Amino acid sequence: MENQVDNKFTWVIKNFSNLQSHVFSSDQFVIGGCNWRILAYPKGFNKNGFFSLFLEVADYKSLPSGWRRQARYLLTIVNQNSDTNSKRNESNKCFDNKTPGWGMSAMLPLNKLHEKDGGFLVNNELKIVAEVEVFEVIGKLDVFEETEVVNQPLKKIKLDVDCVDPSIVLHKEHSLVMESIDVNGFQVLPSQVDFVRRIFAKHPNIALEVRPKNQHLRKACMNFMLSLIETLCQSLQDLSNEDLVEADFALTYLKDAGFKLDWLEKKLVQVKQMKKEEQISETRLQEVEKELEEFKQKCFDMEALLENEKAKLFAARGASLTLDDVV
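Residues numbered from 1 in each chain as written. Predicted model: local features only at pLDDT ≥ 70, side-chain atom pairs only at ≥ 80, totals over all residues. Heavy atoms only, no water.

Concerning the overall build of the protein
Then step 1. In terms of regular secondary structure, the protein is built from seven helices and 15 strands.
Then step 2. Within the span of the protein, comprising 327 residues, buried residues form 40% of the whole.
Then step 3. Of the contacts made within the protein by residues no fewer than 6 positions apart, 63% connect residues no fewer than 24 positions apart.
Then step 4. In the form shown here, the protein has an accessible surface area of approximately 19,600 Å², with 52% of it arising from carbon and sulfur atoms. (Helix = DSSP H or I, 4+ residues; strand = E, 2+ residues; numbered from the N terminus. Buried < 20%, exposed > 50% of the residue type's maximum accessible area, 1.4 Å probe, protein only. Contact = heavy atoms within 4.5 Å. Areas by Shrake-Rupley, 256 points an atom, 1.4 Å probe, with all protein chains shown as cover.)

This is the structure we're talking about:
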């Protein structure tokens with residue numbers, strides 16, 4: 001069962017525990033003029049003991065060479081007992097032919113997913129929500145007739161820029177082409193200009209040896225670097241170990257492309273250390289909480305023992321012999 005409202009798509013998987021296939025896909029849905037789908041791996045992407053979840057450009061095999069989608073997404077495994085316990089993965093990524101899908105291979109431990117009364121599986125149904133905000137589209141753009149229930153027949157409309165009302169084509173989420181501004185030889189969005197200029201002002205030599213000369217590739221590299229910086233700026237609570245692994249890959253990719261990013265590498269090492277310290281503190285906190293609970297239980301037992309001894313003492317003090325007992 002699936003439904004969509006604006007930029008939010010909900011997928012309810014029924015009879016989840018009975019699924020046998022390695023991977024399942026939702027129906028296609030349209031957000032920002034782009035076709036998307038959710039991929040779910042009930043037994044884990046690599047059978048690693050975790051439920052895996054990904055967002056993918058659904059029609060990427062039919063898109064022209066050089067296509068790209070820059071989008072922020074939020075994937076949520078809904079805890080139907082308590083939303084605060086829902087598991088979320090949020091990121092700003094560049095989807096392209098090399099990487100048409102993003103997500104997490106270790107989204108949620110399978111034992112926690114199947115936990116009785118855990119809230120993720122209710123009546124053997126798993127609820128997944130995808131929220132997508134599209135910032136940039138390069139390549140074919142398809143717009144579908146809007147409807148709340150996505151598994152109903154949809155009418156596909158291919159845009160022809162020469163004959164379609166510009167107010168539709170140039171809507172923020174449905175742009176075929178968005179204005180770009182050159183900053184030190186890189187085409188960036190207006191919203192990125194100030195930040196990119198600050199980067200070059202502080203690190204003027206970072207791109208002197210960048211090998212790609214094609215503007216699309218250079219723009220992709222810049223977006224990749226901005227996404228990496230954004231990842232490192234997340235709160236430690238929201239930053240997962242998998243995010244840090246992806247950050248390592250991103251940094252290696254950018255360095256291979258010729259960027260000088262020693263400063264960013266130091267920040268990554270710093271964030272890794274902070275995350276490690278956070279995890280150590282969290283583990284120690286759990287240990288202290290456990291010790292405190294054991295201490296409280298011991299105090300409770302001691303209080304019960306104390307009350308018992310008091311009762312014995314009062315009973316002993318109140319006892320006395322009668323004259324008949326003495327004589």
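A word on the confidence of the model for the protein
Then step 1. Per-residue confidence for the protein gives a mean pLDDT of 81; residues scoring 70 or more make up 84%.
Then step 2. Of the regions scoring below 50 in pLDDT, residues 143-178 engages in 58 contacts with residues more than four places distant in sequence or in other chains. (pLDDT = per-residue confidence, 0-100.)

So, the packing of helix α4 (residues 215-232) against helix α6 (residues 262-318)
Angle between the axes and distance between the axes: these two values describe a pair of packed helices.
Then step 1. Interhelical geometry of α4 versus α6 gives an angle of 30° and a closest axis separation of 10 Å. By the angle class used here, α4 and α6 are roughly parallel. As α4 runs across α6, the sense of the crossing is left-handed. Where α4 abuts α6, its residues Met225, Leu228, Ile229 and Leu232 lie against Trp263, Leu264, Lys267, Leu268 and Val271.
Then step 2. Of the residues belonging to the contact of α4 with α6, the class tally is eight nonpolar, no polar and one charged. (Axes fitted to C-alpha atoms, helices over the stretch in contact; angles between N-to-C directions. Parallel < 35°, antiparallel > 145°, perpendicular 65-115°, else oblique. Left-handed = near helix turned anticlockwise from the far one by under 90°. Nonpolar A, V, L, I, M, F, W, Y, C, P; charged D, E, K, R; others polar.)

Focus: the packing of aromatic side chains
Then step 1. Under the defined criterion, the tally for this structure stands at eight aromatic pairs.
Then step 2. Between Tyr41 and Phe54, the ring centres sit 5.8 Å apart and the planes meet at 85°, which makes this aromatic pair edge-to-face. Of this pair, Tyr41 sits in strand β5 (residues 34-41) while Phe54 sits in strand β6 (residues 50-57), and the two are 13 residues apart along the sequence. Across the pair, exposure class does not vary: Tyr41 and Phe54 are buried alike. (Phe/Tyr/Trp six-rings, centres within 6.5 Å; stacked < 30°, edge-to-face > 60°.)

Concerning α6
Then step 1. Along its 57 residues, α6 runs 82 Å from first to last C-alpha, staying within 8% of the 84 Å computed at 1.5 Å per residue.
Then step 2. Regarding α6, the residues found buried are Leu264, Leu268, Val271 and Lys275.
Then step 3. Next to the buried residues of α6 lie α4 and α5 (241-256). (Expected span 1.5 Å × (residues − 1).)

Side note on the side chain of Ser227
Then step 1. Note on placement: Ser227 falls in helix α4.
Then step 2. Overall, Ser227 belongs to the buried group, its relative accessible area being 9%.
Then step 3. Dropping the residues within four chain positions of it, Ser227 is found in contact with Gln70 and Asn92.

Considerations on the pattern of salt bridges
Side chains carrying opposite charge are able to pair once their charged atoms draw close together.
Then step 1. For the coordinates displayed, the defined rule picks out 15 salt bridges.
Then step 2. Arg72 is the salt-bridge partner of Glu230, the closest N and O atoms lying 3.1 Å from each other. Here Glu230 is found in helix α4, whereas its partner Arg72 is found in strand β7 (residues 68-77), with 158 residues between them in sequence.
Then step 3. A residue is classified by how much of its surface remains accessible, and Glu230, at 31% relative accessible area, is partly exposed.
Then step 4. Here the salt bridges do not stand alone but share partners, grouping Arg68, Glu136 and Lys219 into one network. (Salt bridge = Lys/Arg side-chain N within 4 Å of Asp/Glu carboxyl O.)

Thoughts on the state of the cysteines
Then step 1. For the coordinates displayed, the defined rule picks out zero disulfides.
Then step 2. Cys94 carries a free sulfur, and the closest cysteine sulfur to it, the one in Cys221, is 9.7 Å from it.
Then step 3. Residue Cys94 is classed as buried on the basis of its relative accessible area of 9%. (Disulfide = S-S within 2.5 Å.)

Regarding the packing of α5 against α6
Then step 1. α6 packs onto α5 with a crossing angle of 170° between their chain directions and a minimal axis gap of 11 Å. By the angle class used here, α5 and α6 are roughly antiparallel. Listed contacts from α6 to Asn241, Leu244, Ala247, Asp248, Leu251 and Lys255 of α5 are Glu265, Leu268, Val271, Lys272, Lys275 and Gln279.
Then step 2. Along the lines of polarity and charge, the residues of the contact of α5 with α6 split into five nonpolar, two polar and five charged.

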